[in-house]
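So the chains spell out like this:
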Amino acid sequence: MYPQTRMRRLRRKNLLPIFTETRLSPEQFCMPVFFDEAAEEQTPIPSMPGQVRYPVADAASLAEELVSEGICSVLLFGIPKVKDEKASSAYAADGIIQKAVAEMKQAAPDLVVITDLCACEYTSHGHCGIIRECSGTPELDNDASLRLMQKIAVSQARAGADMVAPSCMLDGMVMAIRDALDSTGFSHIPIMSYSTKFASCLYGPFRDAADSGFSFGDRSSYQMNPANGREAFRESELDAAEGADILMVKPAGFYLDVVARVKTLGLPVAAYQVSGEYSMIKAAAAAGYLDEKRTVLETITSIKRAGADFIITYYARDILRWLKE
Ligand code: PBG
Ligand code: ZN
């Protein structure tokens, strides 16, 4: 008998799950959560059916609920009441994220609370840092923006964040944040770097959710060209050299080759199934074109198979429920 024939016989007898190579376990899923300083109640996000912006008053009860569902970690985004050129509400001690972190950690000390570390939700122009004029055209001021990221990182750690996730892709970002955390007593706080972040069409629904669309230009000067796999790898390699503890590829589903490549660096790899990936499945499922559960589990399994250790997805709660079924 051919060896393949033996395996096919096993499959017919439903014994093949024994040999399933890629398995999903609850600990590896991270749930993104939006906190809106202006919200008094949960506000649905139109472009992301099933997702809401939470008021900070709900932070404690949400933390308890997530833990009871088996969620081990969350990634927090804040939408401040006031935005300005300097993103000052991003590092205010009583900022929306600082409050949300503190409340969640108090209610659920074992929940791993990770904070998205960027400025685009907090700047009036919507860009990921401080803008300066360069021969008439506005551009990101790298070093001024690094100092801003340092302040935000320290304020998030002070609020009780277990890990920070810088997403601005500035030059020297990881090193600057590592220095700032180390010199303020937070050398134990790991950095999960959005080390390979593509300038993707798939962030559209998020910008709606987080109110972080920009008033001019786009992010292609500091996010990666989707055509460039080797350059993407190099970006992650640099972040690893600067001291990142976890590397992240974002978006996930279109970039599985990059996930596999970044995995060879030896650090844990996170992959972010972003808003557009979520909303595409939601829309197709609502139209009756795709089976939602099967589609989600197949995308997630593929992201895992490519090498992701940790998956950030708006479907985290559904996945945990489906895994229990
Ligand atoms: C930036 C940030 C973005 C996302 C995560 N962090 C938006 C962007 O880069 O424009 C996108 C996540 C998603 O689409 O779900 N703070
Ligand atoms: Zn940003």
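Bear in mind that the values here come from a model prediction, so they are computed numbers and not experimental data.

So, how was this worked out
- Residues numbered from 1 in each chain as written.
- Chains lettered and ligands numbered in written order.
- Predicted model: local features only at pLDDT ≥ 70, side-chain atom pairs only at ≥ 80, totals over all residues.
- Heavy atoms only, no water.
- Helix = DSSP H or I, 4+ residues; strand = E, 2+ residues; numbered from the N terminus.
- Rg over C-alpha atoms; globule rule 2.2 N^0.38 Å.
- Buried < 20%, exposed > 50% of the residue type's maximum accessible area, 1.4 Å probe, protein only.
- Contact = heavy atoms within 4.5 Å.
- Areas by Shrake-Rupley, 256 points an atom, 1.4 Å probe, with all protein chains shown as cover.
- Lys, Arg positive; Asp, Glu negative; His and termini not counted.
- Charge placed at Lys NZ, Arg CZ, Asp CG, Glu CD.
- Core = buried A, V, L, I, M, F, W, Y, C linked by side-chain atoms within 4.5 Å.
- Donors = N, O, S within 2.8 Å, 3.2 Å for Na, K, Ca; no water.
- Near = heavy atom within 4 Å.
- Polar contact = N/O pair within 3.5 Å; in protein donor to acceptor, adjacent residues only side chain to side chain.
- 1 Å grid on protein atoms, 1.4 Å probe; cavity = no way out; pocket = protein on both sides within 12 Å on 5 of 7 lines; lining within 4 Å.
- Sits in = over half its atoms within 2 Å of the grid points.
- Nonpolar A, V, L, I, M, F, W, Y, C, P; charged D, E, K, R; others polar.
- Expected span 1.5 Å × (residues − 1).
- Points joined across faces, edges and corners; volume = space filled by probe spheres on them.

Asker: Could you give me a rundown of the overall build of the protein chain, with the residues and numbers involved?
Answerer: When helices and strands are tallied, the protein chain shows 11 helices and 12 strands. For 325 residues, the compact-globule estimate of 2.2 N^0.38 gives 20 Å, and the protein chain sits close to it at 20 Å. Structurally, the protein chain occupies a C-alpha span of about 70 × 45 × 40 Å along its principal axes. Every one of the 325 residues in the protein chain was classed for burial, and the buried ones make up 52%. For the protein chain, the proportion of contacts with a sequence separation of at least 24, taken over those separated by at least 6, is 73%. When the accessible area of the protein chain is evaluated, it comes to approximately 14700 Å², of which 52% is carbon and sulfur surface. Each charge class in the protein chain was averaged separately, 34 positive and 42 negative side chains, and the resulting centres sit 10 Å apart.

Asker: Which residues make up the nonpolar core, and what are the values?
Answerer: By size, the foremost hydrophobic cluster in this structure holds 108 residues, and its most contacted members are F35, V74, L76, M104 and M192. It is helix α4 (residues 142-159) that contributes the most residues to this core, 9 residues altogether. With residues up to four places along the chain from it excluded, the contact list for V74 reads C30, M31, V33, L66, M104, L111, V112, V113 and I114.

Asker: Would you mind going over unusual backbone geometry in detail, with residue names and values included?
Answerer: Cis peptide bonds are those with omega within 30 degrees of zero, and the linkage from K250 to P251 qualifies with -10°. Its location among the elements puts P251 in the loop between β10 (246-250) and α8 (256-263). The backbone phi angle of A87 is positive, close to 55°, even though this residue is not glycine. Inspection of the secondary structure puts A87 in the loop between β4 (73-79) and α3 (96-107). Residue class for A87 comes out buried when judged on its relative accessible area of 0%. A positive phi angle is found at S135, which is not glycine, with a value near 40°. By the element assignment, S135 lies in the loop between β6 (131-134) and β7 (137-140). What makes S135 exposed here is its relative accessible area of 76%.

Asker: I'd like a rundown of the coordination of the zinc ion (ligand 2), residues and numbers included.
Answerer: Coordination of the zinc ion (ligand 2) by the protein comes from C118 (SG), C120 (SG) and C128 (SG), over a distance range of 2.2 to 2.3 Å. Expressed as a motif, the donor residue spacing for the zinc ion (ligand 2) is C-x1-C-x7-C. Take C128: its relative accessible area is 1%, and that puts it in the buried class.

Asker: Give me the lowdown on the site of ligand 1, citing residues and values where you can.
Answerer: In the region of ligand 1, 19 residues are neighbours, and R207, R219, K250, S275 and Y314 sit closest. Measuring from a nitrogen atom of ligand 1, one finds a side-chain N or O atom of K250 at 3.4 Å. Take S275: an N or O atom from its side chain is 2.7 Å from an oxygen atom of ligand 1. Considered on its own, ligand 1 offers 400 Å² of accessible surface; in the complex 100% of this is hidden by protein. The cavity that encloses ligand 1 is the largest cavity. For the shell around ligand 1, a count of residues per class yields 10 nonpolar, 3 polar and 6 charged.

Asker: Give me the lowdown on helix α9 (residues 275-286), citing residues and values where you can.
Answerer: The first and last C-alpha atoms of α9 sit 16 Å apart over 12 residues, in line with the 16 Å expected at 1.5 Å per residue. Of the surrounding secondary structure, the elements contacted by the buried residues of α9 are α6 (204-209), β11 (269-273) and α10 (292-306). One or two steps after α9, the chain reaches G288, where phi turns positive at roughly 85°.

Asker: Which residues make up empty space enclosed by the protein, and what values go with them?
Answerer: For the structure on display, the rule yields 1 cavity of 30 Å³ or more. In terms of lining, the largest cavity is formed by 17 residues, of which the most central are F77, K197, Y203, F206 and K250. At the level of secondary structure, the elements contributing two or more residues to the lining of the largest cavity comprise β9 (192-197) and α6. Considering only residue class, the lining of the largest cavity consists of 8 nonpolar, 3 polar and 6 charged.

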